[in-house]
Amino acid sequence: MNDPLRRTAWTILAGFLILAVATTWIQALAGPGYRDDPRNPRLVAFRVGRERGAIVSSDGVVAARSDPSPDSSQTFVRSYPGGAEYAHTVGFVSVLFGARGLERERSADLVSNRDTTISGVLNALMGGDPRPRGLRLTIDDDLQKAALTALGDNRGAVFALDPSTGAVLVAASTPGFDPNTLIGPDAQPAGQLLDDDPDQPLLDRSIAKTYPPGSTFKVITTAAALDAGIAGPSTEYPDPGALVLPGSTATISNYDGGVCIDGTTVTLEEAFVRSCNTVFARLGMEVGAERLVTTAEAFGFNSVIPYDLEILASAMPEARSFADDPPETAQNAIGQRDVRATPVQMALVAAAVANGGEIMIPYVVADVFHSDGMIESSTTPAVWRRATSPASAAVLTNMMERVVISGTGRNAAVPGVRIAGKTGTAEVTGAPPHAWFIGFGPVEAGPGEPQIALAVVVESGGSAGETATGGSVAAPIAQMIFAEFFQ
Amino acid sequence: MTRNAEAVLIVGAATLASIGVAMVQFARDSWLDADVALTFIVFAFTFGLIHLTFRAWAPNANPLILPIAAFLAAIGFIEVFRIDPNLAALQRWWLAIAGISAALLIWLLRDSGVAVLRRYRYLFLVAAVGLLLLPLLPESWPIQGAVVNGSRLWVRVTVPFADVDLSFQPGEVAKVLLTIFLASYLADRSEAMATVSRSLGPIRLPEPRHLGPVLVAAGAAFLVLMYQRDLGASLLLFALFIAMLYAATGRGIYVFSGLVAVVAAGVVAYQQFAHVRMRISAWLDPFADFTGAGYQTAQGLFAMGSGSLTGSGLGLGRPDLIPEATTDFVFAAVGEELGLAGSIAVITAYALFVTVGIGIALRCRDRFRKYLAGGLTMLVGIQAFLIIAGVVRVLPITGLTTPLMSYGGSSLLASALIIALLGRASHEERA
């Protein structure tokens, strides 16, 4: 009488076998499909629901934080108290739009590394802290605010750093966006609006957009001439109203179409201070494509600048592409034609001059800290490359200081502080010019004295439009940042 | 000797539960607190108490059934804790209460043995039916029926002079009582029911009056389905009745007529009840109505798929995203965090439970003990099969607790009583 009972048992066991096969199918064979299904809420939950470390400015202002979700005991809500202020650098983590900025690049630090591997458990038992770590930025909150205020409604960017360390002080790009809107319930329409905006608020103009650098590039042309011994600050050049380029009928004229000083001769320094195109076009041709490109590359052109975020490489055409074309060489030498630079690149040009010719690797994350405030690791300043000789840097410093004292950059002057700079007004076909200012201060900073180097660009002249120049539009913005810094 | 092995295995299960809790807690909070120790203490108390009563009053009880139950309870508890620590705190009380209840039952049967239950079979039948009908009590009464998740399976008691509501699912205990009744009934009647007296063409039929219980079972299951909207309980009861009838009589006609009845009932239910139709369509294609009927099934599949072979690790998955993850879908939660390895371990443990339980029944010489042990084992086995089958889409979701693993006092209590009866029955055969 046991046989029916046995058969019943076998039937149930066969049922379990079917379950084992079905489970194996779901977990092993179909598993990756279910795991990666876009409807799988884990994809989102893991990204946005986990606790992430705080991101704070160098002076302790919170740029990003995680708080326990009011809806669920085990999830966290990310918020960006500064709104648009740090949006481009800090970025965001969004269900719909993924992660950007430091939230993406430093995700490994920001999310909890707690795990239940044996080493993870041992680490915790030994007193290690597996909670998510936070980032302290090098950005100064007051300075960042000043830069955004100064940029106002214009499309543009400011990038500022400490030339002696590479610590970034300002990374501003306008227009910006509020990352909180991309993680809230109305993220979809908010994101669509930003995507459709012709002003591209999501774009970080300070590191991810290039512009013709215009006359700010004359710093590099001058450095090339100084390094090669072709010219010095007192070398004299003719001062024509317009320079007829050899082998063509094209001419290069000065900004106002007139002579630089009196139409006789002008020293290189005088030409630099007044930003005379004719002199630098001639100088560029004397320096030659080869040296021009070598120097530009020494300053960082055509390289990916090492940074916490991805920087678009600035472009200097290959020497052989324009070596036999003096007009092209002349135009490249004044930062027009095919030369393109990001604001961060031009800030590094100013920083190189301020730092005796050496460029430090820019960095925006100062420390990684534990939830109890203990610092886990700090970024050590490091030299990236030598851009020009200390002697050339010293000469350039003098010339740039005179630009601010009596030249095109007077609007950047701050009383009582020695500021050096160079303006640029980059001509664009069919649109108002981009207004540039690059500079630094104080000149000849004493040991331990804080220093700042920056680049300002206002796209298409901003509200000034066709009448915009670097000196009239960008220099005043730099002035406001310098004023805040030296306050 | 075997009792010592049982003790060691129980300590192992208690350690497993507390280590699991520690890992979950560590993954979430990075520190450990009293939950770890409390879990060990409660598991050691619950299963240790049953172990000690076995030692005292059923020393020859099968030593495997209790450790297997403790293992399943431990795995389930870890996931309940992972999904909701507050529920786990309550579950610890339920575990302790279930352990005390099982110990009491073993003590009560210490002299009379399980045979005494046979005498009260009609009392159990009435009690079971009464319990099944309890959830239909009006909601204004002190003991009231309550609808949870669309099914009227619950009873809520408002404790007088204290602002406390106690809820329980009487159906869980009713299933055990019905099994005792059926085992007793079949012990008396199986000979007669197995006798084939009539032929209808090629089909040989037993006396029509012996078919009565089948029809009663089908009718009862269908009534439960209709009034309580409980697809799972009705299917479970019906399958149990048919399995026990077949095990006792060896007559395929019961299985055949049972299958016909269940298909007929299924067709009628499909036509009559929208919620049955929804379950069927969600089973055939959970992604067709992803945000509606298919949501739970789809979430279970996402969880298990994400778990893959080795799982996300305890506390590192998101089983809290699965609806009803602490009860119906606890298997999917295990699959996510412990992976295929964990799922197969759980299925294997249930298979072991069935093997050991049926082994006890096979060795029983006494008919009642045989049917009792066999029936209770089948009850656990079929219930585990039905609910896991729903999770892995072998069958539509029926809505049952996962025996021993799910959160819930009534379910744990029923499982503990089953273990006590299995232990006692196996002791009596060896003694």
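Use the structure listed above.
For clarity, every value in this text was computed on a predicted model and none was experimentally measured. (Residues numbered from 1 in each chain as written. Chains lettered and ligands numbered in written order. Predicted model: local features only at pLDDT ≥ 70, side-chain atom pairs only at ≥ 80, totals over all residues.)

Participant: Looking at this structure, how should I read the overall build of chain B?
Facilitator: Secondary structure summary: chain B contains 15 helices and 5 strands in total. Per-residue burial for chain B yields a buried fraction of 56% across its 431 residues. Sequence-distant contacts in chain B: of pairs separated by 6 or more residues, those separated by 24 or more amount to 68%. (Helix = DSSP H or I, 4+ residues; strand = E, 2+ residues; numbered from the N terminus. Buried ≥ 20, exposed ≤ 12 C-beta atoms within 10 Å, placed from the backbone. Contact = placed C-beta atoms within 7 Å.)

Participant: Teacher, can you tell me more about the overall build of chain A here?
Facilitator: For chain A, the helix and strand inventory stands at 18 helices and 19 strands. Counting across all 487 residues of chain A, residues that qualify as buried make up 52%. Within chain A, contacts between residues separated by at least 24 positions form 69% of all contacts whose residues are at least 6 apart in sequence.

Participant: Sorry, what's going on with the interface of chain B and chain A here?
Facilitator: A common way to state how big an interface is: give the accessible area lost once the parts meet. Contacts between chain B and chain A engage 47 residues on the former and 39 residues on the latter. Those elements giving two or more residues to the side of chain B that touches chain A turn out to be α1 (2-29), α9 (231-249), α12 (295-307), α13 (330-363) and α14 (367-391) of chain B. At 12 residues, the largest contribution of residues to the side of chain B that touches chain A is made by α13(B). Residues of the side of chain B that touches chain A, tallied by class, amount to 30 nonpolar, 13 polar and 4 charged. (Nonpolar A, V, L, I, M, F, W, Y, C, P; charged D, E, K, R; others polar.)

Participant: Whenever I open this one, the sheet that holds strand β7 (residues 156-161) of chain A confuses me. Can you help?
Facilitator: The strands making up a sheet are joined through hydrogen bonds of the backbone, oriented either antiparallel or parallel. Residue and element names in this part refer to chain A. Taken in spatial order, the 5 strands line up as β8-β7-β19-β18-β17 in an open sheet, and their pairing is antiparallel. Looking along the sheet, the strands with just one partner apiece sit at the ends: β8 (168-174) and β17 (420-428). Strand after strand, the sheet turns through a mean of 10° between neighbouring axes, direction not considered. As paired elements, strand β18 (residues 431-441) and strand β19 (residues 452-458) share 7 bridges and run antiparallel to each other. When the bridges of β19 are listed, Phe440 appears paired with Ala453. The sheet contacts of helix α8 (residues 141-151) involve β7 and β8, and relative to β8 the element is tilted by about 30°. (Pairing = 2+ DSSP bridges. Axes fitted to C-alpha atoms, helices over the stretch in contact; angles between N-to-C directions.)

Participant: It is not clear to me how the sheet that holds strand β3 (residues 76-79) of chain A should be interpreted in this structure. Could you clarify?
Facilitator: Residues and elements named next belong to chain A. Here 6 strands make up an open sheet; going across it, the order is β3-β2-β1-β6-β14-β15 and the pairing mixed. Looking at strand neighbours, the two that pair on one side only are β3 and β15 (375-378), the edges of this open sheet. Pairing of strand β1 (residues 55-56) with strand β6 (residues 134-137) involves 2 bridges; the strand directions are parallel. Counterpart to Val56 in the pairing with β6 is Arg136.

Participant: Could you clarify how one ought to interpret the environment of B:Ile78 in this entry?
Facilitator: Residues and elements named next belong to chain B. Of note, Ile78 is situated in helix α3 (residues 65-83). It is 7.7 Å that separates the C-alpha atoms of Ile78 and Val24, two residues lying 54 residues apart in sequence. Excluding anything up to four places from it in sequence, Ile78 contacts Ala17, Gly20, Val21, Val24 and Leu314.

Participant: For this particular structure, what's the right way to read the packing of α1(B) against helix α2 (residues 34-57) of chain B?
Facilitator: For any two helices packed against each other, the geometry is given by the interaxial angle and the distance between the axes. Residues and elements named next belong to chain B. Viewed as axis vectors pointing N to C, α1 and α2 meet at an angle of 160°, and their least axial separation amounts to 8 Å. Judged by the angle between their axes, α1 and α2 are roughly antiparallel. Read as a crossing pair, α1 and α2 show a hand that is right-handed. Residue classes in the contact of α1 with α2 are distributed as 14 nonpolar, 6 polar and 4 charged. (Parallel < 35°, antiparallel > 145°, perpendicular 65-115°, else oblique. Left-handed = near helix turned anticlockwise from the far one by under 90°.)

Participant: Can you walk me through helix α10 (residues 252-272) of chain B in this structure?
Facilitator: Side chains three or four residues apart in an α-helix point the same way, a direct result of the helix having 3.6 residues per turn. Residue and element names in this part refer to chain B. Taking 1.5 Å per residue as the helical rise, α10 with its 21 residues ought to reach 30 Å, and the 30 Å between its terminal C-alpha atoms agrees with that figure. Tyr254, Gly258 and Ala269 are the residues of α10 that are buried. End-on, the buried residues of α10 take up no more than an arc of 30°, which puts them together on one face. Facing away from the buried side of α10, by more than 90 degrees, are the exposed residues Leu259, Val260, Val263, Ala264, Val267 and Gln271. (Expected span 1.5 Å × (residues − 1). Arc of directions from axis to C-beta.)

Participant: How should the nonpolar core be read in this particular structure?
Facilitator: Across soluble globular proteins, nonpolar side chains show a tendency to be buried alongside one another. The biggest cluster of nonpolar side chains holds 150 residues, and the ones touching the most others in it are B:Ala74 and B:Met244. Once residues within four sequence positions are removed from consideration, B:Ala74 is found in contact with B:Ala13, B:Leu16, B:Ala17, B:Gly20 and B:Phe43. One finds A:Ala172, A:Ala366, A:Ala435 and A:Phe485 within the second-largest nonpolar core, a separate group that totals 130 residues. (Core = buried A, V, L, I, M, F, W, Y, C linked by C-beta atoms within 7 Å.)

Participant: Help me understand the environment of A:Pro317 in this model?
Facilitator: Residue and element names in this part refer to chain A. Mapped onto the elements of the fold, Pro317 is located in the loop between α13 (277-298) and α14 (319-322). Here Pro317 falls in the partly exposed class, since 19 other C-beta atoms lie within 10 Å of it. Measuring from C-alpha to C-alpha, the distance between Pro317 and Asp338 comes to 6.5 Å, with 21 residues separating the pair along the chain. With residues near it in sequence (within four places) discarded, Pro317 still touches Phe322, Asn332 and Asp338.

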